[in-house]
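# What the coordinates show
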Amino acid sequence: MSISNNIMVLENRIQEALQKSADPSKKIQVIGVTKTIKPETIQEAMDLGINHLGENKVQELLTKYETIGPAPQWHMIGHLQRNKVKYIVDKVSLIHSLDSLSLAEEISKRASKINRTIDVLVQVNVSGEESKFGVEPNEAMSLAKQIESMNNVRIKGLMTMAPFTANEAITRDCFKKLFELNEKMKELNLAHAHMEYLSMGMSNDFEIALEEGSNMIRIGSAIFGNRKYD
Ligand SMILES: *Cc1c(COP(=O)(O)O)cnc(C)c1O
């Protein structure tokens, strides 16, 4: 399958899923997840309009950034260690994986040095799986409140990864819970938190995510085909 065909199919599936959501006309941001994908192939997707790219490892993001440059918006979607913040703080437009106060402090410190405010999403471990990063749902609010005092970090919403399961009800329940948490956080009206983005849904579950209120989906294999690790 060609990338252009994949993107066409993806766009159709997005529109169909939106029809089953509460707000079919809302804008959906697609993040092309480019881990393991060659720069030439990424360029092909960019030529077809994919201008938000997501990487889950700092080193890989840096390598790609060197060849592709700042034209696309870069998203850090994987677990981020504090000591690596300094390498990406001037390159990313959104960090999806904020999962601790100390990470927020480091991002704010590094961002202030370059006079930037960095947009972040609080990653929530809705399913409670031990293998997953993210804060517990009931910790998300207190973390957001603590970030209020930081000048160079701005919360833009929430992110989650659904558990790896073929059971659609479990996946849907996870997305519903993140949506509800986001609504509660909106009610807090925090000055530094604009709950605009709900980053949920990947190639295997984005339709359920969109039905449940996602407006940012992170899509790898449905655009680029199955990843080959070597
Ligand atoms: C790899 C990855 C994705 C995309 O996965 P696909 O199944 O290929 O769409 C989305 N989010 C995160 C955090 C990832 O690491």
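Residues numbered from 1 in each chain as written. Predicted model: local features only at pLDDT ≥ 70, side-chain atom pairs only at ≥ 80, totals over all residues. Heavy atoms only, no water.

### Notes on the site of the ligand
What surrounds the ligand is the set Val33, Lys35, Asn56, Ile77, Met161, Met202, Ser203, Arg218, Ile219, Gly220, Ser221 and Arg227. In this structure, a nitrogen atom belonging to the ligand sits 2.8 Å away from a side-chain N or O atom of arginine 218. Here the ligand, which alone exposes 390 Å², has 93% of that area covered by the protein. Counting atoms within 2 Å of the grid points, the majority share of the ligand lands in the largest pocket. (Near = heavy atom within 4 Å. Polar contact = N/O pair within 3.5 Å; in protein donor to acceptor, adjacent residues only side chain to side chain. Areas by Shrake-Rupley, 256 points an atom, 1.4 Å probe, with all protein chains shown as cover. 1 Å grid on protein atoms, 1.4 Å probe; cavity = no way out; pocket = protein on both sides within 12 Å on 5 of 7 lines; lining within 4 Å. Sits in = over half its atoms within 2 Å of the grid points.)

### Details of the environment of serine 25
Assignment of secondary structure puts serine 25 in the loop between α1 (3-19) and β1 (29-33). Residues serine 25 and leucine 98, spaced 73 residues apart in sequence, show a C-alpha to C-alpha distance of 29 Å. (Helix = DSSP H or I, 4+ residues; strand = E, 2+ residues; numbered from the N terminus.)

### Focus on helix α5 (residues 101-113)
Three or four residues apart is the spacing at which side chains of an α-helix point the same way, because the helix has 3.6 residues per turn. If you check α5, its first and last C-alpha atoms are 19 Å apart, about what 13 residues at 1.5 Å a residue would give, namely 18 Å. Residues Leu103, Ala104, Glu106, Ile107, Ser108 and Ala111 constitute the buried set of α5. Looking at the buried side of α5, the elements it contacts are α4 (85-88), β4 (92-98), β5 (118-123), α6 (137-147) and β6 (153-159). Asparagine 115 sits one or two positions beyond α5 and adopts a positive phi of about 55 degrees. (Expected span 1.5 Å × (residues − 1). Buried < 20%, exposed > 50% of the residue type's maximum accessible area, 1.4 Å probe, protein only. Contact = heavy atoms within 4.5 Å.)

### So, the pairing of strand β3 (residues 73-76)
One face of the sheet, then the other: side chains in a regular strand alternate in exactly this way. Here strand β2 (residues 52-55) pairs with β3 via four bridges, running parallel. Counted as the bridge partner of histidine 52 is glutamine 73 from β3. With helix α3 (residues 58-68) bridging β2 and the parallel β3, this β-α-β connection has right-handed handedness. Note that β3 and β4 share three bridges and pair parallel. (Pairing = 2+ DSSP bridges. Right-handed = clockwise from strand over helix to strand, strands pointing away.)

### Observations regarding the pairing of β5
The buried fraction of β5 amounts to six of the six residues, a majority that puts the element mostly inside the structure. Neither face of β5 is left uncovered, since the one carrying Ile118, Val120 and Val122 and the one carrying Asp119, Leu121 and Gln123 both have all their residues buried. Bridging between β4 and β5 involves two bridges; their strand directions are parallel. The residue of β5 that forms the bridge with isoleucine 95 is valine 120. Considered for its hand, the β-α-β crossover made up of β4, α5 and β5 is right-handed. Note that β5 and β6 share six bridges and pair parallel. Residue pairing in the sheet places glutamine 123 in a bridge with methionine 159 of β6. Taken together, β5, α6 and β6 form a β-α-β motif whose crossover is right-handed.

### A word on α3
Among the residues making up α3, those that are buried are Val58, Leu61, Leu62, Lys64, Tyr65 and Ile68. For α3, the elements touching its buried residues are α2 (39-47), β2, β3, α4 and β4.

### Notes on the UniProt feature "modified residue: N6-(pyridoxal phosphate)lysine" (unreviewed entry) in the protein chain
Residues annotated in UniProt with the feature "modified residue: N6-(pyridoxal phosphate)lysine" (unreviewed entry) correspond here to Lys35. Since its relative accessible area comes to 18%, lysine 35 is described here as buried. (UniProt positions renumbered as here; feature names shortened; annotations may be inferred.)

### A short note on the UniProt feature "domain: Alanine racemase N-terminal" (unreviewed entry) in the protein chain
Under the feature "domain: Alanine racemase N-terminal" (unreviewed entry), the UniProt entry names residues 27-226. Secondary structure within residues 27-226 divides into 40% helix and 22% strand; the distance between the first and last C-alpha atoms comes to 27 Å.

### A few points about the layout of surface pockets
Reported here for the largest pocket is a volume of approximately 670 Å³. What lines the largest pocket is a set of 30 residues, among which Lys35, Met161, Met202, Arg218 and Arg227 lie closest to the centre. Split into classes, the residues belonging to the lining of the largest pocket amount to twelve nonpolar, twelve polar and six charged. Volume-wise, the second largest pocket comes out at about 250 Å³. Taken together, 19 residues make up the lining of the second largest pocket; nearest its centre are Lys26, Phe179, Glu183, Glu212 and Gly213. (Points joined across faces, edges and corners; volume = space filled by probe spheres on them. Nonpolar A, V, L, I, M, F, W, Y, C, P; charged D, E, K, R; others polar.)

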